[in-house]
Amino acid sequence: MSTDDREHAAYDFAFVQEKWLPVWDQLEPFKSGRPEDPRPKKYVLDMFPYPSGDLHMGHAEAYALGDVIARYWIQRGFNVMHPIGWDAFGLPAENAAIKRNEDPRIWTYENIATQKASMRRFACSFDWDRVFNTCDPEYYRWNQWLFLQMYKRGLAYRKDSAVNWCPGCQTVLANEQVVAGLCERCDSVATKKKLNQWYFKITDYADRLLDDMAQLEGMWPEKVLTMQRNWIGRSIGANVSFAIEGHAEPVTVYTTRPDTLYGATFFVVAADSDLAAQLAQGTEVEKEFKEYLEKIKSASDIDRLATDRPKSGVFLGKYAINPINGEKLPIWASDYVLADYGTGAIMAVPAHDQRDLDFARAMKLPVRVVVNTGDEDPNKTGIATTSDGVLINSDGLNGLKKAEAIEKIIAELEKNGVGKATRNYRLRDWLVSRQRYWGTPIPIIHCAACGEVPVDESQLPLTLPDAQGLDLKPKGTSPLGAATDWVNVKCPSCGADAKRDTDTMDTFVDSSWYFLRYPSSTNHNEPFSRKDIDTWLPVDQYVGGVTHAILHLLYSRFFTKVLNDMGMLDFNEPFTRLLNQGMVQMDGSAMSKSRGNLVRLSDELAVHGVDAIRLSMVFAGPPEDDVDWADVSPSGSMKFLSRAWRLSGDVSSAPGVDFSHGEISLRKATHKALHDSAFAVESFRFNVAIARMMELVNATRKAVDSGCGPSDPAVREAVEAVAIMISLVAPFTAEEMWERLGHTPAVALAGWPVVDESLLVADAVEAVFQINGKIKERIEVSPTITDAELEALAMTHPTIVAELAGATPKKVIARAPKLVNIVA
RNA sequence: GCCCCGAUAGCCCAAUGGCAGAGGCAGAGGACUUAAAAUCCUCCCAGUGUGGGUUCGACCCCCACUCGGGGCACCA
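Quantities reported herein were computed from a predicted structural model and do not represent experimental measurements. (Residues numbered from 1 in each chain as written. Chains lettered and ligands numbered in written order. Predicted model: local features only at pLDDT ≥ 70, side-chain atom pairs only at ≥ 80, totals over all residues. Heavy atoms only, no water.)

Provide a residue-level description of the domain arrangement of chain A, including the pertinent values.
What the domain assignment reports for chain A is domain 1 (140-228 + 427-505), domain 2 (233-423), domain 3 (634-757) and domain 4 (763-821). A straight line from the C-alpha centre of domain 1 to that of domain 3 covers 53 Å. (Domains from an automatic or database assignment.)

Before we move on, could you go through the protein's contact with RNA strand B and cite the residues and values that matter?
Not every one of the 51 residues close to RNA strand B is listed here, only the nearest: Thr256, Arg309, Arg355, Arg426 and Arg778. For RNA strand B, the fraction of atoms within 4 Å of the protein that belong to sugar or phosphate moieties is 64%. A distance of 2.9 Å is found between a phosphate oxygen of RNA strand B and a side-chain nitrogen or oxygen belonging to Ser235. Within the side chain of Tyr341, a nitrogen or oxygen atom sits 2.3 Å from a phosphate oxygen of RNA strand B. For the surface near RNA strand B, the class distribution of residues is 19 nonpolar, 10 polar and 22 charged. (Near = heavy atom within 4 Å. Polar contact = N/O pair within 3.5 Å; in protein donor to acceptor, adjacent residues only side chain to side chain. Nonpolar A, V, L, I, M, F, W, Y, C, P; charged D, E, K, R; others polar.)

I'd like a rundown of unusual backbone geometry, residues and numbers included.
For the bond running from Leu460 to Pro461, omega is 0°, close enough to zero to count as cis. The backbone phi angle of Asn101 is positive, close to 55°, even though this residue is not glycine. Looking at where Asn101 falls in the secondary structure, it is placed in the loop between helix H4 (91-100) and helix H5 (104-121). Its relative accessible area of 70% is what places Asn101 among the exposed residues. (Helix = DSSP H or I, 4+ residues; strand = E, 2+ residues; numbered from the N terminus. Buried < 20%, exposed > 50% of the residue type's maximum accessible area, 1.4 Å probe, protein only.)

So what about helix H19 (residues 551-565)? Which residues, and what values?
With 15 residues, H19 should reach 21 Å at 1.5 Å per residue; the first-to-last C-alpha distance of 21 Å fits that figure. Burial within H19 is extensive, with 14 of its 15 residues counted as buried. (Expected span 1.5 Å × (residues − 1).)

Break down the sheet that holds strand E17 (residues 430-431) for me, citing the residues and quoting the values.
Pairing is antiparallel across the open sheet formed by 4 strands, whose spatial order is E4-E3-E7-E17. Every other strand in the sheet has two partners, leaving strand E4 (171-173) and E17 as the edge strands with one partner each. When strand E3 (residues 156-166) meets strand E7 (residues 191-200), the two strands line up antiparallel, connected through 10 bridges. Its bridge partner lying in E7, Ala162 is registered against Lys194. (Pairing = 2+ DSSP bridges.)

In structure tokens, the structure reads:
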């Protein structure tokens, strides 16, 4: 088909797509980091994908949204870095490898190639020169390096602990990966296992992770901040030390209500704690205690999560002494107290804590009210009173309010050396070792004589042994253990026979700092250079799903703070702004093959074209809302793009024509669209931005057909503006329009036209006159009219005069130029 | 149970205390056409989940409730 024929043919998206891709490959409009680039920087980042097959609808939405933002800031004259890479370690590759009996590398790199090709065709504005994969040795060597830095600083350590274990994945899980008692990956019921594992000491950073959120306020979705606050779960209280009858060591409890110390009537230790076992040992209740312990151990985490199940426990026959009044408190063991929170023991104040009250009522233990809250007696109601009030039955605290009492009792306890103010956190240390193959090997050697010996940094990367010949099937121990040549080494310290650590790192380690690597992705000497970091970081705009609200975002914030302490960067928060996109659904539920409601991205692209799919995603509604594919109309998107495209063929003025004498009302529409859609994009209301573009297309159509005609400069100005604006979302169509308008590519770099403020003022606006809030008259007025002028117009208007019938209004409110409201 | 978000036309969604409708989908009619598709034009449709309150004026702010979605859930 000749170019001439093509001119008259209908808009052919497939042809246009194939036409421009090679041109863009050559122009590289999105290359960032050219030396001496004078433009201010903007780092726009999409969460990198896991290479599980080809891109799907969810990717399409996420990357379409990120692309709008990146392309917008380029049009606004910023030097935008918009990189991409692959989060390429992880279980699916390993499972696929087991199934296909081949190296997980093959599956992984094949999928990466597929996704990469799809992203190019999807016209993602990525800087392809910065790509890396976390499974590249060149990347994970820096995971190992960072691990060693953490180790040096005491932030990476091993301990024995009851850890979450997924029987499905046959590996341990971090707390964050257990959702409602289930493995977040495979939904198996997580169990507990006593194991020696590696941890990162994220709890050292709990306060900073919490307090630094102040700077994210208004920049991150409130929802994410709330979830992180809940997750860290800081509470403020006191540790109080109780002597135990017949037990040498005192036991410390943590309480947020030290003011209620006089209301303590019993004492509870976590049944699964070492302390409980110690207290029971050798006593007549030991047998009963052990039976109880067995019973609760067999209860799954799911059962434990039910908060309404009856309280249970065993009296241990011993007594704790209340340090403030010498009272003897019976000690119980129960599973309602958690072994790994606080000290694993509590003082029970049933009057003012619901859980303690439930337990007291079940075990017929006394309840003593020590705070008069004005509520009914918990003894009668069974409802603990937790609000503020006046202290009673509490000696020196009587008459004080809660806050005063807390302050006074803590001072007293501290004076007597039996307590002190303390904070506690729900957050636990991050368990980072995994018993699987496809991850970063932990760079530690275990020597019988020297203990843990770090691999020398010069020996990094410590690459994975060849998967060939290894049994990757999950069996609870790392497959690396079977790679004898790899495992058996000489101790770097003493030279004796030693073994490598056989666990690999949680893949969340990989994603905790990848955003720091993009600017230095080809640096072979360090994970990232200070110069690159200072140039590009922090990330100005991060885009991704809310599913990572806790895990990835919390870990990345933690890494950033550690690196800040190491002096490797000088900011505290990695992601200045965060946008969470919703999910793509079909008929109200998540798409999946098993549900039979899967919409294939490749099918949709084939039928409607890339631009129409991108547009549909972005136009469907607010970005954070879920999109239901049943509600969107890709054919409607195509229709709009065709309308826009057709305009570019109608323009009959020459490129470079002076717009200033163009038809004024269309010019106003153009500048208003430019102004309003920019504002909408900056406030993430992309659907609104597109509505403004549609308005301008409609207005231009009208101007061409029945207004100023196609030769008016205002028409060219409008259509050029349309091309630039829709380039954010429909880059192929925009490029084609730009060419038809007589310009050279790339439209992505054309620049957002400067808005002429004088054209944003309307000639006349409609004002309304109300009486008692009811509209009585509408008139055209100048937008610059004053309140007094408008009021005078209203009071002399025949309709209003007639309505008032001579009565004197009580009050007149004028809001020029919009309305006058007369209160009669 | 606690906390957060939402509810506007048949549907998806706009409207920063000031005329409820920007945009789209679906629908109806018309123009063009031998006809159809495409295209262009025009039109229909709710008084903002319910009940109170504040205000000259409330989709918007406050209180209570209903429904939907999400988060947390023995963390002392």
